[in-house]
Amino acid sequence: MAVQRFFASLAAATALLIAGCDIGPELYSAVWAKEAAAPAASAISSEPAPQQKTQAPQSPSAQVAPAQPQRNQQLIHNVENAYQNGLANYRDGNLVAAKSNFDYAVDLMLSSGVDIKSDAELNDEFDRIVDAVNTLEMDALKQGTGLAPAAEPTPVDVANSATFTIDPTIRAEAEASLKATQSDLPLVMNDYVASFINFFSNSRAGHGTIVASLNRAGRYKDMIQRVLKEEGVPQDLIYQAVAESGFRPQAINPKSGAGGMWQFMPFGVYGLSRTGWYDERLDPEKATHAYAREMKKAYDQLGDWYLAMAAYDWGAGNVQRAVQRTGYADFWELYRRNNLPTETKNYVPVILAVTIMAKNPKQYGLDSLTPDPPLLIDTVKTNYAVDLRLVADVTGAPVQEIAAINPSLLRGVTPPDEAFDLHVPAGLKDLYEQRIAEIPEDKRRYWRFHKLGTDESIEDVAHAFHVSAAEIAFVNQLSSTIDLNGVDALVIPVAPPSTSSLGRTAMYRTHKGDTLVTVADRFGVTVDQLKRWNHLKTATIPPGHGLYVAEPARIPAAARKGHGKAPTYSSWSSVQHHASAKTSGETSKSKNPGKAQAKKPSSSASNAHK
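What you are looking at is a predicted structure, and each value in this text was computed from that prediction instead of being measured. (Residues numbered from 1 in each chain as written. Predicted model: local features only at pLDDT ≥ 70, side-chain atom pairs only at ≥ 80, totals over all residues. Heavy atoms only, no water.)

J.: Report on the overall build of the chain, specifying residues and quantitative values.
T.: Counting its secondary structure elements, the chain contains 23 helices and six strands. When burial is assessed residue by residue, the chain has 52% of its 610 residues classed as buried. Total accessible area on the chain stands at roughly 27500 Å², and carbon and sulfur atoms take up 51% of it. (Helix = DSSP H or I, 4+ residues; strand = E, 2+ residues; numbered from the N terminus. Buried < 20%, exposed > 50% of the residue type's maximum accessible area, 1.4 Å probe, protein only. Areas by Shrake-Rupley, 256 points an atom, 1.4 Å probe, with all protein chains shown as cover.)

Rendered as structure tokens:
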């Protein structure tokens, strides 16, 4: 399965090929049998299902916490509603709306605060929802819709649909050059290989696909050859990627569902993991290791690299049976005897033709290629969810680049509570770790990091990110005057979908009878945390005031010099007043006088593969 990242804002990085699609009865009979009794959606919306309204908090004596099973059932009910809205939108061809609904259904589970894995009923519900959504998206891809990159034919695709002849002159020249061509693969020249060299050299379509593939190869060549060497297989097998995908790590076959640079099927045991968060078939390095292991296994079974290539395309079992049926363990003999399917017949000669051409670029008009620069990355080990937009913010790299070097992420977010190799551009690992440490771990999926421009005010930033200036001031521990003089960047408390930026869990309006103890117990935090986050020196909390029950950004003390003391509990009203004055006309915007200084970093911080 090759679900593209659920990252609608990356329009330049991920093309949203959204179109109406009809879902056949076969899909519903196979996938939705379990859902026959699921509650129907009461409304269809292009937005995530809204949260249920909550009543104003009662005094502790009046509160009776519902039993955990009851809360679990309510959670499942909400998830089902969001999912059913998505299913209804999907049936109607409204894929943008369906994506939003499905995202929200999954997010409800992940952000519930419940240990899903420890509860069998919740775990089953989560797995069912994720599998169902993945199946729907796979069906959309087969129909040419869904969140998929633009289709681009591979050289094999182009060659399979073309008609061409053998040129004796080209064959003779190729045979002559082959004598001086060095390769760790056995290279032969015959009419089959020569015909593809002719096609890729002299046809516009054929030559264009080769040029595009070899240019793209520059990005991954060093990595692929290193991996092939580590796995003990010929390094010239790199050119099999031309036939498979044209070196596109997110290539998807809409017919078979094969995905990634090496076109692994969504089923099979390749040592590649697939979850609702990522698909390792789309990870260039991990998929290359898996490819090399598959090729080595096929070679050990069949004893011939050409047969191993055929096995990768058709299946080792099929090739083995063809050998047993004919008595010939020779690819070309199986070819001549029509014991191979047409695609596999073309598959091996295409790879050999591309290999010979790539090793003799001047002879075949490939000496003026402009290969993409090698991919240079650093790896950060994460075990928390972080949005790729935030990664781009804190590293200063374009979000398109961050998305491109993390192609296996399906939702534009690293998985929570699971180790993941997040890639950042080379040389930016330290900067990432310093800046990300300023943002609470549980906020990294939604919050942003904004580098201030000259004369940019906190109101300007608040307007751009649709949050209040007061909230920005709080998480950045700024004084009540919200003076940005000397501030280089701000942490922005952007809200999860369908919530206010901090209102859902971070700010609590106190009521009569509340104490720090009861508030701490209600929100699962400690009294010391409440005092620290709100800069309280006493336990007195008068009713009617905002009390923050979530962690602000960990801005280093050096970054606050010159701003005065961070807002205390009592000064919070003046911060709110200042933030709202813009709309009421009570004050004008306060611009940043002069160029801001850089903020010091925080110190914490068995069948065929397809």
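After that view of the structure, there is still more to cover.
J.: Give a description of the nonpolar core that names residues and reports values.
T.: Counting residues in hydrophobic clusters, the biggest one holds 74 residues, and the most contacted among them are Ile197, Phe200, Ile224, Leu237, Trp262, Phe264 and Phe331. A per-element tally of this core places helix 15 (residues 342-359) first, with ten residues. Other than its neighbours up to four places away in sequence, leucine 237 contacts Leu185, Leu228, Trp262, Tyr291, Met295, Trp305 and Met309. Membership of the second largest hydrophobic core comes to 33 residues, among which are Val380, Val386, Phe420 and Val475. (Core = buried A, V, L, I, M, F, W, Y, C linked by side-chain atoms within 4.5 Å. Contact = heavy atoms within 4.5 Å.)

J.: Can you tell me about the packing of aromatic side chains, naming the residues and giving the values?
T.: Remark: the centre distance and the inter-plane angle together describe each pair of aromatic rings, the angle taken between the planes. Per the counting criterion, the structure on display carries 15 aromatic pairs. Between tyrosine 306 and tryptophan 332, the ring centres sit 5.9 Å apart and the planes meet at 75°, which makes this aromatic pair edge-to-face. Here tyrosine 306 is found in helix 12 (residues 305-314), whereas its partner tryptophan 332 is found in helix 14 (residues 331-336), with 26 residues between them in sequence. We note that tyrosine 306, like tryptophan 332, is buried. A centroid spacing of 6.4 Å and a plane angle of 45° characterise the contact between tryptophan 332 and tyrosine 335, whose relative ring orientation is tilted. With tryptophan 332 and tyrosine 335 both in helix 14 and three residues apart, this pair spans about one turn of that helix. Side by side, tryptophan 332 and tyrosine 335 carry an identical accessibility label, which is buried. Following the ring pairs from residue to residue traces out a cluster consisting of Tyr192, Tyr306, Phe331, Trp332 and Tyr335. Sitting above the plane of the tryptophan 277 ring, arginine 411 keeps its charged end 4.7 Å from the centroid. It is arginine 444 that lies over the ring of tyrosine 384; its NZ or CZ is 4.5 Å from the centre. (Phe/Tyr/Trp six-rings, centres within 6.5 Å; stacked < 30°, edge-to-face > 60°. Lys NZ or Arg CZ within 6 Å of the ring centre and 35° of its normal.)

Read these as layout, nothing more, since geometry by itself doesn't imply function.
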